[in-house]
Every structure is written in structure tokens, then in C-alpha cells.
Amino acid sequence: MTATLPNIIDLTLKELQQAMSLLGEPSFRATQVHQWLFSHSASSFDDMTTLSLALRKKLSVTYSIHHAEVIDQLESLEDNSDNPTKKILLKLPDNETVESVLIASSGRRTACVSSQVGCPFQCHFCATGTMGFRRNLSAGEITGQLYALNEMVAAKEPGATITNIVFMGMGEPLLNSDNVIEAILTLSSRNYSFCLSQKKITISTVGVIPEIQRLGKSGMKTKLAVSLHTADQQKRESLMPLAARQYPLNELSKSLAEYTALTGTPVTIVYMLLRGINDSLDDAKQLVRFSRSFLCKINLIDYNSIINIRFNPVYDATRELFQRYLFDSGLHVTIRKSYGTTINAACGQLATTRYADPQ
Ligand code: SF4
């Protein structure tokens, strides 16, 4: 019977407040329930001992509790350290699956989390894009990925926690902004057992302009990364047609200028070098022109091979020339190492097939 009840994990705090009101309960009960679910990972209403027995009973006949379940884990072999990159596969209550990644490097423990099952943008170089779009994750499902990864960190090193979160997993976070923001508010709240400064959380987007504008005005302290990959509109339309046509570069540039003016925070421009496609001196010049109108730093990343997708990583010498040109043009530029390539956990490699439940 409980399987047919709505999953309370999927309710936002506001929806929980409305639910409490319908049950004739004061609104602070919603906060208590939310904390039981997300601070204590309660899996039964009986665990919620600060609630009256009567309320626990009412909740248990109205809702079910189904947290996402870790069904597989992989560790990267190529990282020569005690802390290999780890990828987890989470099964959601409707049997959809998402992947999340834990990257430990330079004293940081970074959680890379997903925001959607699949992605509607279908960029040509991205494994997630090949899945098509299944659905948005709820705020609770997003938060659940973080808690699962945090448990892995604490199991290996008692007392240690995730130090950074990046929304660079499966999906376009700004197509699911409400739930992403709700999850971030929970993950950065002092009222919960896990609390991380919003400044340590990065939202990555292909450039969903209205949501960038909304973020800029929201007062959120999160960082923004934009997956640009080329500053040439035509090339961008060939690499990521849906996103590039909907959000053209000239408008994207204006929205980033507005964003950085409002927040005073630089945007990270992520540029994946693809051999023979976006790695020429002309490409570098276009990138410099694009990046001049707002505060930014450039992250160059290598293409990570994906089965059935035919792009090639750039040659070392080409990457160095490209980086040198950007640097000499006054841009702040870094080369970001990809972690977890052997387990398909690096940028653009996350994808799942539907989990077939033997039951
Ligand atoms: S690169 Fe990002 S926006 Fe494009 S298909 Fe992949 S997940 Fe979606």
C-alpha cells in the first residue's frame, strides 16, 4: 500500500508546510519533518521522535519515505593516490538511475552531483545528452546524492566531509532551477547536520539566460560556471545545437556581464578543447573577444572519450599555444585535470541506462 503513497522526500519545504497545514499542524512541524528527512536521513516516520504519535500516524498513512539507494560503486584506477575518484549509481524510487562522483584532490573532497535524469539539450560531445530527457530530480533527490557521497567520505576518514559541490553531473541544472536552489538552501543551512557555504558550491550551465539573470538577482552566493566550448555562434550550434540556438552568444555575453556586475563574482568559462574543431588561434581570439565584457576566468579541459561519440582530445602542443594566447591576452586561464576517465566519471561521460528491477 505504501508504494502508492506520495514520496515525502520529493516535497519542498514550502510544500511540506502546505501539507502540515492540511493536516491541521503548525508550520514549524514542516521544518522538523524536513530536518528528520535531510539531517538524520530518517527512513520511517517512527524515527521522528520529536513529533507526536498522532502526527506520525497521520504522516504514515499519507506519505511514504523512499530515499535513493546506492546500487553500484566504481573507483578510478588512473589516479595514483590513496583517494581514487569514485562514481556511484543511485536508484531512484521510480527505478530511474543517476550517477554522482566524488573527487578527492589537493585537500578537497568535491561532490559532482546530477540535477536531471538525462538532459534535453543533447550536446553532441556529451554522454548524458545521448540519453534524452527522462525527468527532473526533486530537491530531495539532489540532496540525497550529496549525503550518499558524504557518508562515503566519513566512512573512509571519520570526521571528514565534502568540501565542495559542483552541479556538473547529469543534466542542465538551470533547467531545474527551483529544485537545485531548494537543495542548495538545505545543503547550506546551519539547521542541518551537513552545512556547506554557498561559496563552495558551483552551478554549471550551458547558458540558460533567464535563469542566469534570476540567479544574479537571487542573492545566492554560489559560483557560476558556463560551458562555452566555442565563442563562435555557428560552431556552437554544430556542437550543442539546442542550447546554442535558444541562447545565442551575443545575448549570453550580455547576461554574464549583468550577472557579474550584480554579484561581483567572476564566472568560470569552461572550454573543452576538441582537436581540429575549436583549438585554433582564431578560436582563441574569438574566446578572448567574448570574455572581455565580463569578469571571468577560463578553465580549459580535455575531451574525455565517450563510446560512440567521435571527437578527439587536443594535442599537448596545441593546448599550450592556446593557453599561452589567452594568458598573453590578459585572461586568467587554468587547465583543469579530468578525474575518473577510466570509470567514465569525468566531464561529459556520465550516463545511465534504465535500471531493470528483477522484481
Ligand atoms: S553538456 Fe550539459 S547541457 Fe549538454 S547534454 Fe550534457 S548535461 Fe546536457
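In what follows, the structure referred to is the one given above.
Residues numbered from 1 in each chain as written. Predicted model: local features only at pLDDT ≥ 70, side-chain atom pairs only at ≥ 80, totals over all residues.

Draft legend 1. Spatial organisation of the overall build of the protein. Of the regular secondary structure elements, the protein holds 12 helices and 12 strands. Its C-alpha radius of gyration of 21 Å places the protein within 12% of the 21 Å reference for a compact globule of 359 residues. Once the C-alpha set of the protein is aligned to its principal axes, its extents read approximately 70 × 45 × 35 Å. The buried share among the 359 residues of the protein stands at 45%. When contacts within the protein are restricted to residue pairs at least 6 apart in sequence, those whose partners lie at least 24 apart make up 66%. (Helix = DSSP H or I, 4+ residues; strand = E, 2+ residues; numbered from the N terminus. Rg over C-alpha atoms; globule rule 2.2 N^0.38 Å. Buried ≥ 20, exposed ≤ 12 C-beta atoms within 10 Å, placed from the backbone. Contact = placed C-beta atoms within 7 Å.)

Draft legend 2. Expanded view of the packing of helix α7 (residues 209-218) against helix α10 (residues 249-263). The geometry of α7 relative to α10 is characterised by a closest axis approach of 9 Å and an angle of 10 degrees between their N-to-C directions. Regarding the angle of α7 to α10, the classification is roughly parallel. Of α10, the residues touching α7 (which contributes Ile209, Ile212, Gln213, Gly216 and Lys217) are Glu251, Leu252, Ser255, Leu256, Glu258, Tyr259, Leu262 and Thr263. Its residues assigned to classes, the contact of α7 with α10 shows six nonpolar, four polar and three charged. (Axes fitted to C-alpha atoms, helices over the stretch in contact; angles between N-to-C directions. Parallel < 35°, antiparallel > 145°, perpendicular 65-115°, else oblique. Nonpolar A, V, L, I, M, F, W, Y, C, P; charged D, E, K, R; others polar.)

Draft legend 3. Spatial organisation of unusual backbone geometry. Backbone geometry places Ser41, a non-glycine residue, at a positive phi of 50 degrees. Looking at where Ser41 falls in the secondary structure, it is placed in the loop between α2 (28-38) and α3 (53-62). Residue Asn95 is not a glycine yet carries a positive backbone phi of 75 degrees. On the secondary structure map, Asn95 appears in the loop between β2 (86-91) and β3 (97-105).

Draft legend 4. Broad picture of the pairing of β2. Bridge count for strand β1 (residues 69-75) against β2 is six bridges, and the pairing is antiparallel. Counterpart to Val70 in the pairing with β2 is Leu90. Examined bridge by bridge, β2 and β3 share six bridges and lie antiparallel to one another. Among the inter-strand pairings, Lys86 is bridged to a residue of β3, identified as Leu102. Hairpin geometry of β2 and β3 is characterised by an intervening segment of five residues between the two adjacent antiparallel strands and by a positive phi of about 75 degrees at Asn95. (Pairing = 2+ DSSP bridges.)

Draft legend 5. Geometry of α2. Turning to α2, its buried residues are Arg29, Ala30, Val33, His34, Trp36, Leu37 and Phe38. Here the buried face of α2 lies against α1 (13-22), α3, α5 (139-156) and α6 (177-187).

Draft legend 6. Representation of the environment of Pro173 in the model. With respect to the helices and strands, the residue Pro173 is situated in the loop between β7 (164-167) and α6. By the C-beta count within 10 Å, which is 29 here, Pro173 ends up buried. A C-alpha to C-alpha distance of 6.9 Å links Pro173 and Ile203, two positions 30 residues apart in sequence. Residues in contact with Pro173, not counting those within four places in the same chain, are Ser115, Phe167, Val180, Ile203, Ser204 and Thr205.

Draft legend 7. Expanded view of the sheet that holds β3. Spatial ordering of the open sheet is given by β1-β2-β3-β4-β7-β8-β9-β10-β11-β12, a layout of 10 strands whose pairing is mixed. The open sheet is flanked by β1 and β12 (332-336), the only strands paired with a single partner. Averaged over all pairs of adjacent strands, the angle between strand axes in this sheet comes to 25 degrees, irrespective of strand direction.

Draft legend 8. Region of the structure containing the pairing of strand β4 (residues 108-112). Of all the five residues making up β4, four are buried; the element is thus mostly covered by neighbouring parts of the structure. Bridging between β3 and β4 involves five bridges; their strand directions are antiparallel. When the sheet's bridge partners are listed, Ile103 is paired in β4 with Thr110. Once β3 ends, the chain turns through two residues before running back antiparallel as β4, passing Ser106 with a positive phi of about 50 degrees. Pairing geometry for β4 and β7, over three bridges, is parallel. When the sheet's bridge partners are listed, Cys112 is paired in β7 with Val166.

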